[in-house]
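Fold and contact review
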Amino acid sequence: MASSASTNIPQKPASSTNPALPRLVRLALLVIIDAAIIWFLNRLVTLGYYPLAAVFLVILLFVNVVLLRQEAYPLRWMIVGLVLMTLFVIYPILFTVWVAFTNYGEGHLITQEQAVDQILQAKYLPETGKAYSWTAYKSPDGSYALWLKDAEGSTFLALPGEPLSQPQPGEAGIGELDDKGIPKTIEGYQRLNAIVAATDKNLTQILFGEEGTTIQVRSPSEAAELLPLYVFDAEADAMINQQTGVVYSNIRGSFTSPTGQQLRPGFIASVQLQNFKDFFVSPALRGPMVRIVTWNFAFAFFSLLLNFSLGLLIAIVYNEPGFPFKKLIRSLLIIPYTVPALITILIWRSMLNPELGVIDRALENMFGWAPPWFTDQLWAKVAILIVNLWLSYPYFMLICSGALQSISEDYYAAAQVDGASPWQQFWNITLPLLLVAVGPLLVASFTFNFNNFNLIYLFNAGGPPIAGTPTPAGHTDILISYVYNLAFSGSRGVNYGFASAITIVIFFIVGTITLFQFRYTRMWEEVSENV
Amino acid sequence: MSKKIWASMSILLILAMVLTACASATPAPTEEPASVATEAPVATEVPVATEEPTAVPTEEPAPTEAVVEPEATLRIWADDTRTPILLDLADEFLAEYNVALVVEDLGRVQDIRAQVIIAVPAGEGPDIYLGVHDWLGALVESGLVAPIDLGDKQDEFVESALEAFTYTDGQLYGVPYDTENLGFFYNTELVTEVPTTWDEVLEVGRALKAEGKATYAIAIAGDPGYNSLPMQTAFGGYVFGKNEAGAWNPDDVGLDSEGMVEAVDWMVKAVDEGLMPDTTDYETGHQLFETGEIPFLMAGPWALDRIRASGVPYAVTSFPDNGAPFLGVQGFMVNPLSENVLLAQAFLTEYVATEELMQTLYETGLRPSAFKSVLATTEDPDLKAMGEAGASAIPMPNIPEMGSVWSAWNNGITLALTKQQTPAESMADAAQQVRDLIKGALAGMVNLPGSYQTKAGCGADWDPACEATAMTEGDDGKFTLTAQIPAGEYEFKVALDGDWKVNYGSDGALDGPNYALSLAADSTVTFVYDPETHLVEVTTE
């Protein structure tokens, strides 16, 4: 931004000759940017989003340093990118890591502060306490009176700070009673409908009646001599039940009594390494891990092999000059790539349906047998690979076509002179040179397929089920889909803490594989040599 | 140079701060009331604005008329069918009570849950939202729903619907408006006499198949657990039992009960005979019924539209053998973190729980009503029949443990239907999976929670899941724990699986009295637990 200001005056050879104007523009811009960020920071702090506020503070300092310091000049060109990366990549990663060490999930969704507030609102009716139905009256100065009716049908007038009275109509300004026995008017007050009375947020806080037996509105139909049920002991981090005297101490995000009763709601709390331990140690959660990981690798490997081979084959065939209708056919072949995968997967799903699917019906008619795509583990895996092949070969066809055209014809001419067969030419010229160009993409594709959640989940949700496993799992489940089931529909609904922990584990698995592949294939070096 | 830079930077920052201060100075004093006042006095439909509360229209109230600012605003999250109905109430409600209704359309009812879980803890939730009763487990445990007291209105609701919205603590957490459950559909052209037992269903199918008029007798359309429950219950199968108080008991898992195994066995035999497909695909089942290839189907009110559109001659009736489906109930729930809890409750009990509104909700929703007088005057024969089939329906368990059931249950039945295991094996595995998931990660842990735990390295006393006092299993099958405990008087107990559900006292009995431990001096204490007798021996050094 700042530099665009300096390029506005192209006549000047460099900003050094007359730096005043662009400098000022730049500073003005910076002030505006700073103002915007500080305003945002202010909002975040008032809303209590401290971690995000910290990130913005870092961004603020970074922007200022980069725009003001000469040494940081090259960074100016990347400033927008770096800021966005901090916000949308690094911050979420840090957040995930933090969540992995907490019990954040259903049952523990709110903060301790919110949970304490909610628990402190709980009231109880002492044994001697009475409950009434109520009608509210409001005076012009905003004070309230309640007309109470107890279970036996006796009626009372309650005013804040005064003992209950039992006036009859005509006394104490009480007007005529309506058919429910509630006075239509009370002098100096206006009768309120339950909804109108409820619009006052403070109504439930008002204590009616004399001290000692105060009455509070609890719900639209009930007012009672309530007492707060719990008192929070901040020092001991515990809730004390006023009725029974039981102490509920904070154990991993739930106030728990010595007999194991937990107060609702629970709240977010640190659980240290528990989520990781659960995943690695607990037999109940670990499940058929070896099987799933084996299939995960097989799936990623065979997907890559098949997709790349078919893509390359088609690319080579259509790379042949003089192939008829080349452009048309090539365009048609790209179609699977342009249709959203979601739709393609669902279409395949119905085409392979054993009762109604086109493919199965056709096979049934021709051979009297069709593969049980959804109920047999082997065929389910084959079906997954076929669908993935359909989804991905156009991608490899495209990149291989491009790469093939970049291989110089001279090599082939030389090879022909030497008498190499087309097969030899392919293995010794085409493939090695192609791999240099598309190698990194192969690694990327492997990583992508390793975590190809969409395909597995949409096609058959990991089915068919594996018999006799400690946790529900399917034959085509890959790590990520298995873990999804565990963390989001497994035990107690959504469990973000556990999900984050496993995400981190998977990150390390995939990261290691990728690193190993890059090392092994020396991809970075090769690429840079060629460029 | 560097000093100069820092100096100019700080000047810049101060400048910027002044700038922001100026900007925020004007709205600051009005900020508090503004949050209510600027939320348009007239109800406005706001398309999904969940993340940002500021997305609510911020237009200033029309200055031409002396509009009274509404006393309060009620924000409601509803689905696409109910949003217009609630919006229709807005003008009248504003005129009558001076409270603005803001109704936001979140698409399908099912989608509301995910939004509630994120928005409510962040303090950005609505005052009222629609939902299904089986969310209660998650919502109550997480503190995202407030109890409701219907008062006298209670008698006007269908009992099973209220039961569904009552959590294990005995409190009501929603105002129900409609119910849904599977009904028993049959093809009136193929079936002349309605079967009263499941065996008769197969009988009819067998005859039709022999005549070449049908491919199968019946199909399970959808996840086999939920969608074949009327078969399972007919044989005495169940998912969770109930305790004496009538609340769901998560320790009584019925997936491997005799009745359940018998039911699955019956299904397997039907598949063997070719009277039922081994696939339980939703689409397959429905297409088979809609094209007249199967005479019977178990389907819910959500499928009525497509079945009617297909033109197949059908009728709905109750299930054979008194089979019971699950009952799902939709209702209004109140956000406990809202500022207007009392108002929201008053709105629901005084304004929504009326025959007129319940009738409107029924007419647009195409589900049996949860309001007695509306249900009684239901004219639609299909919904009426479905309501009757639902009379014996079991409210879907609303405890959080139900979340552990679905996939194990479905897998168990699928494994039996596809012949990979016998029904007895597959359902026993399924039940074990559910029990393990409920116990959680700490299944198998033996612990000694007590008042000594903080001194032995735990974060709190009486924690049955504390790693530091977990016992280790020896070769003799006994569990031991050795701990350094300072002098003092202590109490403790034995708890299994990191939870209090199964705990033994000093008499070796379930839920028995605490052990007492009195140490005159700091000592190394060795505890040995015998899983046969459930007793602990203590030796001190």
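What this report covers is the structure whose coordinates are included nearby.

1. Brief notes about the overall build of chain A
- Secondary structure summary: chain A contains 19 helices and 12 strands in total.
- Counting the 531 residues in chain A, one finds 44% classified as buried.
- Restricting to contacts in chain A with at least 6 residues of sequence separation, those with at least 24 account for 60%.
- In the form shown here, chain A has an accessible surface area of approximately 28,000 Å², with 64% of it arising from carbon and sulfur atoms.

2. Some words on the interface of chain B and chain A
- Listed by partner, the interface residues are 85 residues for chain B and 76 residues for chain A.
- Regarding the contact of chain B and chain A, the summed buried area is about 6,500 Å², with carbon and sulfur atoms giving 62% of it.
- Our enumeration of links across chain B and chain A arrives at 6 salt bridges.
- Here B:E141 makes a salt bridge to A:R264, at a shortest N to O gap of 3.2 Å.
- If you tally residues by element for the side of chain B that touches chain A, the top one is helix α1 (residues 2–25) of chain B, at 12 residues.
- Taken together, the residues of the side of chain B that touches chain A sort by class into 43 nonpolar, 24 polar and 18 charged.

3. Notes on unusual backbone geometry
- Here the bond from A:R264 into A:P265 is cis, since omega is -5 degrees, no more than 30 degrees from zero.
- Within the secondary structure layout, A:P265 lies in the loop between β12 (254–256) and α7 (274–281).
- Here the phi dihedral of B:W462 falls at roughly 55 degrees; this positive angle occurs in a residue that is not glycine.
- Judged by relative accessible area, B:W462 falls into the buried class, the value being 12%.
- For B:D497, which is not glycine, the phi torsion reads 60 degrees and is therefore positive.
- The topology assignment puts B:D497 in the loop between β18 (494–496) and β19 (503–504).

4. Points about helix α7 (residues 198–210) of chain B
All names here are of chain B.
- If you check α7, its first and last C-alpha atoms are 19 Å apart, about what 13 residues at 1.5 Å a residue would give, namely 18 Å.
- Among the residues of α7, W198, V201, L202, G205 and L208 are the ones counted as buried. Projected onto a plane normal to the axis of α7, the buried residues spread over an arc of 125 degrees and lie on a single side.
- In the core, the buried residues of α7 are packed alongside β6 (183–187), β7 (218–219), α9 (229–234), α10 (258–272) and β10 (296–299).

5. Considerations on the environment of B:K419
Residues and elements named next belong to chain B.
- Within the secondary structure, K419 is located in the loop between α17 (406–417) and α18 (423–439).
- Considered as a pair, K419 and D278 are 141 residues apart in the sequence and their alpha carbons are 9.3 Å apart.
- With residues near it in sequence (within four places) discarded, K419 still touches V268 and D272.

6. Thoughts on a negative patch on the surface
Residues and elements named next belong to chain B.
- Negative charge collects at one region of the surface, where D88, D91, E92, E96 and E356 lie side by side.
- The leading source of residues in the negative patch is helix α3 (residues 83–97), at 4 residues.
- If you trace the backbone, E96 turns up in helix α3.
- By relative accessible area, which is 46% here, E96 ends up partly exposed.

7. Side note on the pairing of strand β12 (residues 326–334) of chain B
Residue and element names in this part refer to chain B.
- Within β12, 9 of the 9 residues are buried, which leaves it mostly tucked inside the rest of the structure.
- Of the two faces of β12, the one carrying F326, G328, Q330, F332 and V334 and the one carrying L327, V329, G331 and M333 are both buried.
- In this sheet, β12 lies alongside strand β4 (residues 128–132) in antiparallel orientation, the contact comprising 5 bridges. By the bridge assignment for β12, G131 is matched with G331.

8. Quick word on a nonpolar patch on the surface
- Together, A:V80, A:L84, A:M85, A:F88, A:V89, A:I90, A:I93, A:L94, A:V97, A:F101 and A:L273 make up an exposed nonpolar region whose accessible area comes to about 980 Å².
- Within the secondary structure, A:V97 sits in helix α4 (residues 79–100).

9. Re the state of the cysteines
Residue and element names in this part refer to chain B.
- Across all of its chains, the model carries 1 disulfide over all chains by this definition.
- The disulfide bridge from C458 ends at C466, spanning 2.0 Å between sulfur atoms. One disulfide, between C458 and C466, carries an S-S torsion of -95 degrees and so falls in the left-handed class. With respect to class, C458 is no different from C466; both count as buried.

10. Examining the packing of aromatic side chains
- With the rule as written, the count across this model stands at 52 aromatic pairs over all chains.
- On the basis of an interplanar angle of 75 degrees and a centroid distance of 5.7 Å, the ring pair of A:Y132 and A:F156 is categorised as edge-to-face. Linking A:Y132 in strand β2 (residues 131–138) with A:F156 in strand β4 (residues 155–158), this pair joins segments that are 24 residues apart in sequence. Comparing A:Y132 with A:F156 shows no difference in burial state: the two are buried.
- Ring geometry for B:F184 and B:F319: centres 5.7 Å apart, planes at 50 degrees, overall tilted. Highlighted residues: B:F184 in strand β6 and B:F319 in the loop between β11 (314–317) and β12, separated in sequence by 135 residues.
- Judged by relative accessible area, B:F184 falls into the buried class, the value being 0%.
- Joined through ring pairs, the aromatic side chains of B:F184, B:W198, B:F235, B:W266, B:F296 and B:F319 make up one cluster.

11. Re the packing of α10(B) against α17(B)
All names here are of chain B.
- It is at 9 Å that the axes of α10 and α17 come closest, and there the two elements cross at 40 degrees. With respect to α17, the element α10 is oriented oblique. Classified by chirality, the crossing of α17 by α10 is right-handed. The residues of α17 that touch α10, namely those facing M260, V264, M267, V268 and V271, are W409, I413, A416 and L417.
- For the contact of α10 with α17, the residue count by class is 9 nonpolar, no polar and no charged.

12. Digging into the nonpolar core
Residues and elements named next belong to chain B.
- Counting 118 residues, the largest nonpolar core has F185, F332 and F347 as its most contacted members.
- The biggest single contributor to this core is helix α13 (residues 341–352), with 8 residues.
- If you look at the next biggest cluster of nonpolar residues, it comprises 50 residues, including F184, I218, V239 and F240.

13. A few points about the environment of A:S303
Residues and elements named next belong to chain A.
- Within the secondary structure, S303 sits in helix α9 (residues 289–319).
- Looking at S303, the relative accessible area reads 1%, which means it is buried.
- Considering only alpha carbons, one finds S303 and Y393, 90 residues apart in sequence, at a separation of 9.7 Å.
- In this structure S303 touches A298, F308, L385, N388 and N449, once residues within four positions along its chain are discounted.
- At 2.8 Å, the side chain of S303 forms a polar contact with the backbone oxygen of F299.
- Reaching out from S303, the side chain makes a polar contact with the side chain of N388 at a distance of 2.9 Å.

14. Some thoughts on the side chain of A:N250
Residue and element names in this part refer to chain A.
- Relative to the elements of secondary structure, N250 occurs in strand β11 (residues 247–251).
- Within polar-contact distance, the side chain of N250 engages the side chain of D237 at 2.8 Å.
- Within polar-contact distance, the side chain of N250 engages the backbone nitrogen of G253 at 3.3 Å.

15. Let's talk about the sheet that holds strand β16 (residues 479–485) of chain B
Residue and element names in this part refer to chain B.
- Spatially, the 4 strands line up as an open sheet ordered β15-β16-β21-β22, and their pairing is antiparallel. Two strands lie at the open edges of the sheet, namely β15 (472–473) and β22 (535–540), each paired on one side alone.
- Sheet analysis places β15 next to β16, joined by 2 bridges and oriented antiparallel. Bridging from a neighbouring strand, T472 pairs with T480 of β16.

16. Observations concerning the side chain of B:T418
- Position of B:T418 relative to the elements: it lies in the loop between α17 and α18.
- A polar atom in the side chain of B:T418 sits 2.8 Å from the backbone oxygen of B:T414.
- What B:T418 contacts, discounting residues up to four positions off in sequence, is A:T375 and B:D278.

17. Describing the sheet that holds strand β14 (residues 446–447) of chain B
Residues and elements named next belong to chain B.
- What the 3 strands build is an open sheet, ordered β14-β18-β19; its pairing is antiparallel. Across the chains shown, the open sheet's two edge strands, defined by having one partner strand only, are β14 and β19.
- Pairing of β18 with β19, which is carried by 2 bridges, proceeds in the antiparallel orientation. Bridge pairing links A495 to N503 in β19.

Cut-offs applied
- Throughout, residues of each chain are indexed from 1 in the direction in which the sequence is written.
- Numbering of ligands from 1 and lettering of chains from A proceed in the order in which they are written.
- Whole-chain, interface and lining totals are the exception, using all residues; otherwise, since this is a predicted model, local features are given only for residues with pLDDT of at least 70 and side-chain atom pairs are given and counted only at 80 or more.
- As a convention, hydrogens and water are excluded, and side-chain values are obtained from all of the structure's heavy atoms.
- The helix count covers DSSP runs of H or I at least four residues long, the strand count covers runs of E at least two residues long, and both are numbered beginning at the N terminus.
- Per-residue accessibility, obtained with a 1.4 Å probe over protein chains only, is compared with the maximum for each type, and a residue is labelled buried under 20%, exposed over 50%, and partly exposed between these values.
- Whether two residues are in contact is decided by their heavy atoms: any pair within 4.5 Å suffices.
- In these tables, accessible area is a Shrake-Rupley quantity obtained with a 1.4 Å probe, and a residue counts as shielded only by the protein chains included in the view.
- Here the buried area means the combined drop in accessible surface, using a 1.4 Å probe, for two parts upon being joined, counting both sides.
- The rule for a salt bridge is simple: a side-chain nitrogen of Lys or Arg has to be within 4 Å of a carboxyl oxygen of Asp or Glu.
- Think of it as three bins: nonpolar holds Ala, Val, Leu, Ile, Met, Phe, Trp, Tyr, Cys and Pro, charged holds Asp, Glu, Lys and Arg, and polar takes everything else, Gly as well.
- Helices are assigned an expected span. That span is 1.5 Å times one less than the residue count.
- To obtain the arc, one takes the directions from the helix axis to the C-beta atoms.
- In this scheme, patches are assembled from residues that exceed 30% relative accessible area and form no salt bridge. Like charges are connected within 9 Å, while nonpolar side chains (Val, Leu, Ile, Met, Phe, Trp, Tyr) are connected within 5 Å.
- Under the counting rule used here, the positive set is Lys and Arg, the negative set is Asp and Glu, and His together with the chain ends is not counted.
- Where a charge sits is defined by one atom per residue type, namely NZ (Lys), CZ (Arg), CG (Asp) or CD (Glu).
- For two strands to be treated as a pair, DSSP must find at least two bridges joining them.
- To count as a disulfide, a pair of cysteine sulfur atoms needs to be within 2.5 Å.
- In this analysis, rings of Phe, Tyr and Trp, with Trp reduced to its six-membered ring, are considered paired at centre separations within 6.5 Å, and the interplanar angle assigns stacked below 30 degrees, edge-to-face beyond 60, and tilted for intermediate values.
- Only C-alpha atoms enter the line fits that serve as axes; for helices the fit covers just the stretch in contact. Angles between N-to-C directions range over 0 to 180 degrees.
- Roughly parallel refers to an angle under 35 degrees, roughly antiparallel to one over 145, roughly perpendicular to one between 65 and 115, and oblique to any angle outside these ranges.
- Take the far helix as your reference; a near helix turned counterclockwise from it by less than a right angle gives a left-handed crossing, and one turned clockwise gives a right-handed crossing.
- Note on terminology: a nonpolar core comprises buried Ala, Val, Leu, Ile, Met, Phe, Trp, Tyr and Cys residues joined through side-chain atoms within 4.5 Å.
- Here a polar contact is taken to be a pair of N or O atoms separated by no more than 3.5 Å, where protein atoms must pair a possible hydrogen donor with a possible acceptor and residues adjacent in sequence count only if both atoms sit in side chains.

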